[in-house]
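Now for the letters of each chain:
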Amino acid sequence: MALSKKQIEFNTKKEQIKSNITGKLRRHYAKTVEKATPEQIYKACALTVRDELMEEWAKSRELLENGHKKELYYLSFEFLMGRALGNNIMNIMKTKLYTEALSDLGLDLSKIEEVENDAGLGNGGLGRLAACFLDSLSTLELPAFGCGIRYEYGLFRQKIVDGYQIEMPDPWLEDGNAWEIDRPEDSVEIHYNGRVEEYHEDGRMKFRHIDYNTVIGEPYDMPISGYDSKLVNTLRLWRARSPQVINMTEFNRGDYAMAVKDKELAEVVSQILYPEDNHYEGKLLRLKQQYFFVSATIQWIIAKQKRRGHGLHELPKYVPIHINDTHPTIAIPEFMRIMVDEEGFDWDEAWSIAQQIFAYTNHTIMCEALEKWPVSMVESLLPRVAMIIKEIDRRQREFLASKFGGDYGKIDYMSVISNGNVNMANLCLTACHSINGVAALHTEILKHETFHDYYSVYPEKFKNVTNGVTPRRWLLKANPALAELITGAIGDGWIKNTAELDALGKFADDAAFRESFAKIKHNNKIALSNYIAEHNGITVDPSSLFDVQIKRLHEYKRQLMKAMHIIYRYKMITENPSQASMLPETFIFGAKAAPGYHTAKLIIKLINNIADVVNNDPRTKDILKVVFIENYSVSIAEKIVAAANLSEQISTASKEASGTGNMKLMLNGALTIGTMDGANVEIAERVGEDNIYIFGLSSQEVLNTYATGHSGSSEVYSQNMVIKSIVDSFIDGTFTKENQNLFQELYHELVFGRNGFADQYLLLRDFESYLDAGHRMAKDFAQPDIWNKKAIINVSKAGFFSSDRSIMDYNERIWGLEKI
């Protein structure tokens, strides 16, 4: 039978892909497919895909150079991109082509994808959000650059040894990065230390930074493809290097360590994401990193605008700069330094331009996470920038005095500099034309609690843009079987317009659809069970409830409360089996704790100790399993979200800005158990109270509790014998064979607390309500038709939580970009 024209075209393209891959293996490695290593095969595939992207990338760059359009510069300390090969193949609409071409060569695309290093250029939601936003900007064909640091080692590679987190280097670049292009022609100098010299010229006082130390910022560009899009955007990551490779004088004297000292000191700037900052040198390195990438970026932006013939007074027409959390805030005074000292602008005109181009997204209401830098440190490291910050502070204090008169306490609290520190959030609030929260509740807390005084002065600046996730990576790629089922039911328009997922709601009542939906979930659970068996050596039951908590380890996210729930179930089964639920349940954790965050690391140890007991007790090992998956990453998250039944979003109400894990899990058919915190509020509004398990104190109740100075948790502990028994198990030897005092700190925090306030994050206050919600959930899970109906409704209501919608909101309310 004759092939159709479409099939002939498909076969021709497939043969070309095979030829390209085998050709690259020969030319780059002198290998055939049969003799090549997995790493060489991956590189050959990646370079083949990159070649396809390069054509469109070059067209995009040329179009933007000649089109004089506004381009966004999105500054972020983190970009947690995930693996690129499969994502790029999906975005250029060639997954089937590459799958079949590789199969013809005896290769499996999914196995090749596993070879790619998962770059740890982020710690959690902040970096993953930035990655989703870049995906959506390209898919929506809005011109943008992501700007950050090319960390040589990323965050860290987490190993669990005897239950403890051990941090190992993550050399993600050891085999090179097939996707990046070095752009040495755009290298710039970044200057540290030294002193500032004042002089007069043309009747004006001017300033010259002298006797400084120099680090070179060298950019590496990565293409950011969009799904079925003609625009390829760019992620520009800056690498630090020394202007001097080696000091030959010192080398020839035999002082080999000193000969390379300057090189090593310069290059440490871009080596590690989030160096530990519980000591002075760590804080100093973080500040160096922040200044390094924003100075390089601002210099490049200004040089590019001048090259294009744009007057710098026209910058607001072409350049929106977005500050993703406070880490890049020092871009504001650096912009002022360049405009005033190097470009000859007077202060008022430069400040007016700055106020038009900079916008700020806040990601936390927790005071300790709002960055502050000692003035003395800034003065020593960045002497001219420190002068500019002081001038911004002086002028802002004058303005605030005109608003608040003699209320010096309020003025000091709102100022850029107070108590010897530079308050980076206040600098953003002063300079930026837009300030946004990332969920409706979060934004209201910013307006009426965290930044209330600034909101009273600048109400027009405050906006909400609820976070979102890309449906391409988090459903189409992570869960292709479910994506195919959805497309078969409602068409494929949802991939670029997730509002169309709403049409899936009617299939919740379709028995055949529910059956297919359940089968896909079960198959995904089998795949995750196999991964757990291989990597953790734990056998789990795919028919059990997969109860998932995957997020950065922090006390307010309350992984400790999940651990308490596991202890509750363990104790009920072993001590009161006649009244215990026998629901088979697999508890899955994925989390990294900051290296210096002792309490978070202790919680990881507790979870692993609980796992050791529960998984090996003959009374519970066939009912409960506890799994802590080490080195949690984007690629591991893709496996987990597709398999999860229950999404744990149990932060203390008012503490979580938004969350995005809740959205990824919802999109894949997991039901949420959670507090009315962050985006959980908006999820609950959309799915309805019957399709989510809400518990706990409200945000206002939490804030009221803090205002009283008394949590009430000590009374809960002494009066509720179930809760007392659980907390006592931290110190009674149940989970501490090696040292009965090991978890004394966790016990003490819950019962006695710090500074007289027990249980800072109100675990004990919320625990009984959490159990009640869990009982409702377990009852529903025992009835598959009810559970699957609720799960399908959740998927159908996930469309709002797309990063495409988030980006459209940002663009309409803040950036004003034009589609190319």
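If you're wondering where the values come from, they're calculated on a predicted model, not measured in any experiment. (Residues numbered from 1 in each chain as written. Predicted model: local features only at pLDDT ≥ 70, side-chain atom pairs only at ≥ 80, totals over all residues. Heavy atoms only, no water.)

Q: Can you walk me through empty space enclosed by the protein in this structure?
A: Vacant regions in the atomic arrangement are exposed by a probe of water-molecule size rolled over the atoms. In the structure shown here, the tally under the stated rule is seven cavities of 30 Å³ or more. Within this model, the largest cavity holds a volume of roughly 100 Å³. Lining the largest cavity we find Glu 555, Leu 560, Thr 599, Ile 603, Leu 746, Glu 749, Leu 750, Asp 759, Gln 760, Tyr 761 and Leu 763. Sorting the residues of the lining of the largest cavity by element identifies α24 (598–614) and α31 (744–751) as the ones contributing at least two each. At three residues, the largest contribution of residues to the lining of the largest cavity is made by α31. Broken down by class, the residue content of the lining of the largest cavity amounts to six nonpolar, two polar and three charged. (1 Å grid on protein atoms, 1.4 Å probe; cavity = no way out; pocket = protein on both sides within 12 Å on 5 of 7 lines; lining within 4 Å. Points joined across faces, edges and corners; volume = space filled by probe spheres on them. Helix = DSSP H or I, 4+ residues; strand = E, 2+ residues; numbered from the N terminus. Nonpolar A, V, L, I, M, F, W, Y, C, P; charged D, E, K, R; others polar.)

Q: Just checking my understanding: could you explain the nonpolar core for this structure?
A: General note: in soluble globular proteins, nonpolar side chains tend to be found buried as a group. Of all hydrophobic cores here, the largest spans 147 residues; its most connected members are Phe 292, Phe 335 and Phe 358. Beyond its immediate stretch of four places on either side in the chain, Phe 292 contacts Ile 149, Ile 190, Tyr 192, Val 215, Ile 216, Gly 217, Trp 238, Arg 239, Ala 240 and Val 269. One finds Ala 439, Leu 476, Val 548 and Phe 767 within the second-largest nonpolar core, a separate group that totals 122 residues. (Core = buried A, V, L, I, M, F, W, Y, C linked by side-chain atoms within 4.5 Å. Buried < 20%, exposed > 50% of the residue type's maximum accessible area, 1.4 Å probe, protein only. Contact = heavy atoms within 4.5 Å.)

Q: Honestly, the environment of Arg 308 in this entry has me stumped. Any pointers?
A: With respect to the secondary-structure elements, Arg 308 resides in the loop between α10 (280–307) and α11 (315–318). Given the relative accessible area of 11%, Arg 308 is considered buried.

Q: Mind showing me how you'd approach a nonpolar patch on the surface here?
A: On the surface, a nonpolar cluster with roughly 310 Å² of combined accessible area is contributed by Val 161, Tyr 164, Ile 166 and Met 168. A per-element tally of the nonpolar patch places strand β4 (residues 164–168) first, with three residues. Inspection of the secondary structure assignment puts Tyr 164 in strand β4. (Patch = residues over 30% accessible without salt bridge, like charges linked within 9 Å, V, L, I, M, F, W, Y side chains within 5 Å. Areas by Shrake-Rupley, 256 points an atom, 1.4 Å probe, with all protein chains shown as cover. Salt bridge = Lys/Arg side-chain N within 4 Å of Asp/Glu carboxyl O.)

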